[in-house]
Amino acid sequence: MKRLDFYFKYAWRSILRGGQRTFFALLCVAIGVAALVALQSLAVSIRETLIGDIQSRAGGDVVASVNSPTSSAGGGFRLVSPEAEQYLEKLKADGKLQEWTALVTDGMQIKGYFSLPPSLYIVDPAHFPLYGNPVMEEPKGGNFRQLLAQPNSIILSKYLWDKNDYKLGQEIEVTGLGGGNSGSAVRLKIVGMVKPDVPGVPFDTGFIFGFGMVSPPTAATFLDVSNQTGGNNSVYLKTPPDSDNKALVNEIKRANSTQPDNLSRVDSGLFYNVRTAAEIQTQVSKQLDTVDDLLSYIGLLAILIGGIGVVNTMLVVIGRRTTEIATVKALGLKSRQTITIFTLEALILGTLGSLLGVVLGVALGFGIKGVAEGFFFRPLNWGFYPGPLIVGMVVGILTSGVFGFLPSYAAGRVRPAIVLRQQSSALPRIGGFATFLIIILMTLALGIIAGILLKDIVVGIIVAFVTLIVCLLMTAGMYLIVWLVGKLPAPFGPSFKMALRSFSRHRGRTATTLLVMTIGLFFITFIVIIADSLKSSIKEAFDVNLGYNVVGLNLLSAQTERIQSSLETEVPGLKKVFAGNNSNVELVSINGTRPAQPTTPPRLTPGPNNNQNNPNNSNNSEQRDGVYINISGRSLANGESISPNGTQTLVAGRNFTPADMDKKVLLLLDDEAARYKVKVGDKVSLQFSASRTGFGNNQAVRPAQVGSPTEFEVIGILGKGGSQVQFERNWVAPYRAVAEGGNQFSIFYMLVDRAQIKPALTKVQALLLGGFVFDLGDLIDTFNRILDQVLAFPLLLSLLSLFSGAILVANNVALAVLERRTEIGVLKAIGAKRRRVFNILLWESGLVGFLGGFIGVGTGIVLALLVPVLVNATSRNGGGNSIPISWSPLTAALLLALGIGLAIIATLVSAWGAVQEKPLVVLRYE
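Residues numbered from 1 in each chain as written. Predicted model: local features only at pLDDT ≥ 70, side-chain atom pairs only at ≥ 80, totals over all residues. Heavy atoms only, no water.

Draft legend 1. Region of interest: the overall build of the protein. A tally of regular secondary structure across the protein gives 27 helices and 22 strands. Counting across all 926 residues of the protein, residues that qualify as buried make up 54%. Sequence separation of 24 or more characterises 83% of the internal contacts of the protein that already satisfy a separation of 6 or more. Carbon together with sulfur atoms contributes 61% to the accessible area of the protein, which is approximately 39,600 Å² in total. (Helix = DSSP H or I, 4+ residues; strand = E, 2+ residues; numbered from the N terminus. Buried < 20%, exposed > 50% of the residue type's maximum accessible area, 1.4 Å probe, protein only. Contact = heavy atoms within 4.5 Å. Areas by Shrake-Rupley, 256 points an atom, 1.4 Å probe, with all protein chains shown as cover.)

Below, the structure is given as structure tokens:
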């Protein structure tokens, strides 16, 4: 016990004597632990938010998807069909259910709101939600059910409320997205504002673009209750305690198979995708495992940086104290006792650093939470989580001990006779095999720690060794760079020459510091360039290349030409307008020959009828026999044929003219013409389909053939439009030809004077029938907001890595000053002023910052520029749609200055006091 007391006192005294170098070693550990604690706390918060109260999150004990009814009796609005309601009530009467409720997803347009239409959720306030309570922001503490039950009332999401600066009691004019009653607007009173994570509300576009909630009676005043064909609607079931929910799910699935075939459905039977809340929880948990592992791994990398700081500090301290170590060993201290003392010192450093890191981690975690909320588009639960604090403490202490063992082993190898005879302060060489063995054992120990965090020891060990190999390779590259830089001429005078010599003196330490700085700046550069390129591309696509800035959707195509005429004469500031539509057709023949399936898949282009995830999507040609394509209709703008895809080149033939608007003629994109071997003058026979496409219900019904095939003549081959966004399909016909084929909607593309945009949009909104209109400028702002939210989190992690690099620079400068006290004393004794000594240190650390910035920023730019090449190489259609990448020299210069600035600030903090020391004091005791 006395021996252990001696070990502890000796180690503690050494730490107290360390002063500034102890502080920076503690800070290295603290930053790593803080990152781990913050990220682990965030992982717990995310998991608690998404699956903590799974019944509330899922909406019930059992959740099923269901179609809306095809008809509504008595003019009311039904949440489920009469058959589904009858079946659910039977389950309730049998005691298998306590309660049930449903949620119908639709869409709406608000008068004076010119963004993408918000979602509309229709629920029964008497029963929804079955579990949990929506958090009312306005009025504070308001009762959701009572508020929503008021006639002609609506509750809005926070995003929609903030975007339009709405107030309680304000009335808004709402129109549904559909025919029938949807053409008439009604005035609804805003009775509340709710946080987006309402129990039972699915994660969809409503989280991003906002949503409103209404009761069925209110929905019936402005939605088409005679034709409810929506999909993606949910039914929530509440079962009695201790019920076998899995058995209930199986019973519902068996009952579905017996239902008549004439019911409107997506899957066989009344319900589909029937799951228990426990199954949903398991699925979400598996998805979150990847997030947990990623956050834990990033935290371990931060701990690794702290461990590097401990190694550097211990090596320098032991090197400075070789004479002291030799003396105590000559007095009888054994090698294993020496190793124990210095390992204990590393553990104490780890304990103190971890305590500081836990405190910093709690504060950092709260800040990261705010950024992550934008990433997940919802508020996250937050509390005091003991688990991450304990993990941070244990991992910080163990990592410091593991990393401190190598320098402690070097201390144990000090030979008293050699050191005391030669007065040498150099550390003894450990030997290649011993070093290799210690590194392997250290990596194995770290792998076990990582395995515990990742919940798989084998995976943790594999990850640790892979990380070791990658780090060794990258450090070797940095070591080579440091060696090469040390060989360069020194053009900036003696101070730079001495700094250059010092820079390459401890290449291993400099290389690790350079690596950390490089990684941080690389990720920041890459994220900034990709974000700026995406923003520039979307702005160019929607604001420059297209040639229009307003898009309106009209759901009654029979009225399109009348509406276009009204738009041309009544909308203030309108410069041009043209209409487009789409339809699903079968490609029956080309020049009388039935075409074969193309060898390459058709290019998928985003559009209002391109719902790829829908099981009944008629756009998917693989689902049916024959060759099915999408055809677009185009009207003229002031007599000119313009594509909504932007400026197109004419490869062959000619474009549409006013005389073509009543003819059966076609334009094709060049790659589509090559795919089907079509040329100008060919005759193409198309079979139109009566496909209805609804907006807000996310369902396309399988098309039925209408009449006999129609023959078209190909008059032109076009190049791809100048925009990255493709509104128009690969086959284009005059607007009337597509409308006659059974198309149910049209899109208006308008160029409006920006100075009159608000009154113009108001007028357009009044002229459309059951559709919506939005300003593409607002779409750009929305996209930028989403992009900023998504990229803020990885950017914050990159900044954390860069800050860790700055701490490592400060630690290295403090150690360099400690090592070179005699050198600095001699320089000052022979006349060097403090400014000269300080300039040497600034040159040295500035060089680290410059190289880290140059390499990190440079590789970030190169990799970002390679992204389109990689995307095109892996693209199904051979590329051509990737986002062009551009970078700003000013941004690169600012990021480079950031790296240099952090290194210089770190030097100012760590070296200012050391260069003030008097040479007489240094030389007397050194």
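Still more ground to cover, so stick around.
Draft legend 2. Structural detail: the side chain of N730. Among the structural elements, N730 can be located in the loop between β19 (710–718) and β20 (731–734). For N730, a relative accessible area of 7% translates into the label buried.

Draft legend 3. Examining the packing of aromatic side chains more closely. By the definition in use, this model includes 12 aromatic pairs. Note on F688 and F712: the rings are 6.2 Å apart at their centroids and 45 degrees apart in plane angle, and the pair reads as tilted. Of this pair, F688 sits in strand β18 (residues 683–688) while F712 sits in strand β19, placing them 24 residues apart in sequence. Of the two residues, F688 and F712, both sit in the buried class. Put simply, the rings of F522, F523 and F526 touch in pairs and so form one group of aromatic residues. The ring centre of Y131 lies 5.2 Å from the NZ or CZ of K238, which sits over that ring. (Phe/Tyr/Trp six-rings, centres within 6.5 Å; stacked < 30°, edge-to-face > 60°. Lys NZ or Arg CZ within 6 Å of the ring centre and 35° of its normal.)

Draft legend 4. Expanded view of the nonpolar core. Counting 62 residues, the largest nonpolar core has L42, F128, I155, V201, M213, Y548 and F793 as its most contacted members. When residues in this core are grouped by element, the largest group, seven residues, is from helix α2 (residues 20–51). Non-local contacts of V201, meaning those with residues more than four positions away in its chain, are made with L103, Y121, F128, F207, M213 and Y236. In this structure, L88, A102, V104 and M108 belong to the second largest nonpolar core, which totals 45 residues. (Core = buried A, V, L, I, M, F, W, Y, C linked by side-chain atoms within 4.5 Å.)

Draft legend 5. Layout of a nonpolar patch on the surface. A cluster of nonpolar side chains, contributed by L437, L441, L444, I448, I452 and I457, occupies part of the molecular surface with about 510 Å² of accessible area. No other element matches the five residues that helix α15 (residues 432–454) contributes to the nonpolar patch. As for its placement among the helices and strands, L441 is situated in helix α15. (Patch = residues over 30% accessible without salt bridge, like charges linked within 9 Å, V, L, I, M, F, W, Y side chains within 5 Å. Salt bridge = Lys/Arg side-chain N within 4 Å of Asp/Glu carboxyl O.)

Draft legend 6. Molecular detail of the packing of helix α12 (residues 335–376) against helix α13 (residues 386–412). Taken N-terminus to C-terminus, the directions of α12 and α13 make an angle of 150 degrees; their axes are 7 Å apart at the nearest point. As summarised for this structure, α12 and α13 are arranged roughly antiparallel, according to the angle between their axes. As for how α12 packs across α13, the hand of that crossing is right-handed. Class assignment of the residues belonging to the contact of α12 with α13 gives a composition of 13 nonpolar, 13 polar and no charged. (Axes fitted to C-alpha atoms, helices over the stretch in contact; angles between N-to-C directions. Parallel < 35°, antiparallel > 145°, perpendicular 65-115°, else oblique. Left-handed = near helix turned anticlockwise from the far one by under 90°. Nonpolar A, V, L, I, M, F, W, Y, C, P; charged D, E, K, R; others polar.)

Draft legend 7. Examining the environment of L295 more closely. Structurally, L295 can be placed in helix α10 (residues 277–320). Under the relative-accessibility criterion, L295 is labelled buried at 3%. As a C-alpha pair, L295 and L39 span 256 residues in sequence and 5.6 Å in three-dimensional space. Contact partners of L295, with chain neighbours within four places excluded, come to L39, L42, A43 and F793.

Draft legend 8. Highlighting the confidence of the model for the protein. Averaged over every residue, the pLDDT of the protein is 77; residues scoring 70 or more account for 78%. Confidence drops under pLDDT 50 across residues 179–183; counting only partners more than four residues distant or on other chains, this segment forms 15 contacts. Every residue in residues 600–624 scores below 50 in pLDDT, and together they form 61 contacts with partners more than four places removed in sequence or on other chains. (pLDDT = per-residue confidence, 0-100.)

Draft legend 9. Broad picture of the side chain of S115. Tracing the chain through its elements places S115 in the loop between β2 (99–110) and β3 (119–123). Classification of S115 by relative accessible area gives buried; the value is 3%. A distance of 2.5 Å separates a polar atom in the side chain of S115 from a polar atom in the side chain of D778. (Polar contact = N/O pair within 3.5 Å; in protein donor to acceptor, adjacent residues only side chain to side chain.)

Draft legend 10. Representation of the pairing of strand β1 (residues 62–66). Of all the five residues making up β1, five are buried; the element is thus mostly covered by neighbouring parts of the structure. Burial along β1 is two-sided: the face carrying V62, A64 and V66 and the face carrying V63 and S65 are both buried. Bridging between β1 and strand β10 (residues 271–276) involves four bridges; their strand directions are antiparallel. Each residue of the ladder has a partner; that of V63, found in β10, is R275. (Pairing = 2+ DSSP bridges.)

Draft legend 11. Examining the pairing of β2 more closely. Within β2, 12 of the 12 residues are buried, leaving the element largely enclosed by the surrounding structure. Here β2 shows two buried faces, one formed by E99, T101, L103, T105, G107 and Q109 and the other by W100, A102, V104, D106, M108 and I110. Pairing of β2 with strand β9 (residues 233–238) involves five bridges; the strand directions are antiparallel. Counterpart to A102 in the pairing with β9 is V235. The sheet contact formed by β2 and β3 spans five bridges and is antiparallel. The residue bridging L103 from the neighbouring strand is V123, located in β3. In terms of strand pairing, β2 meets strand β6 (residues 171–176) through three bridges, oriented antiparallel. Counted as the bridge partner of M108 is G176 from β6.

Draft legend 12. Quick look at helix α19 (residues 560–570). Regarding α19, the residues found buried are T560, I563, Q564, S566 and L567. Seen from one end, α19 has its buried residues packed into an arc of 160 degrees, which puts them on one side. Buried positions along α19 lie against β11 (550–554), β12 (574–590), β14 (636–637), α21 (735–740), β21 (746–752) and α22 (757–767). (Arc of directions from axis to C-beta.)

Draft legend 13. Representation of the environment of F211 within the structure. Topologically, F211 is positioned in strand β8 (residues 211–214). The exposure class assigned to F211 is buried, which follows from its relative accessible area of 0%. Between the alpha carbons of F211 and T105 there is a distance of 10.0 Å; along the sequence they are 106 residues apart.

Draft legend 14. Focus on the packing of α19 against α22. One can describe the packing of α19 onto α22 by two numbers: an axis separation of 10 Å at closest approach and a directional angle of 155 degrees. When the interaxial angle is binned, α19 and α22 end up roughly antiparallel. For the element pair α19 and α22, the recorded crossing hand is right-handed. On α22, the residues touching I563, S566, L567 and E570 of α19 are K763, V764 and L767. Looking at the contact of α19 with α22 residue by residue, the class counts come to four nonpolar, one polar and two charged.

Draft legend 15. Seen up close, the pattern of salt bridges. Counted under the stated rule, the structure contains 25 salt bridges. Salt-bridge contacts for K9 lead to D5; the nearest nitrogen and oxygen are separated by 3.3 Å. In this pair, K9 and D5 are both assigned in helix α1 (residues 2–18), four residues apart and thus about one turn of the helix distant.

Draft legend 16. Quick look at unusual backbone geometry. Between F128 and P129 the backbone carries a cis peptide bond, its omega angle lying at -5 degrees. Residue placement: P129 occurs in the loop between β3 and β4 (136–138). We note that D242 has phi near 65 degrees; this positive angle belongs to a residue other than glycine. Within the secondary structure layout, D242 lies in the loop between β9 and α9 (245–256).

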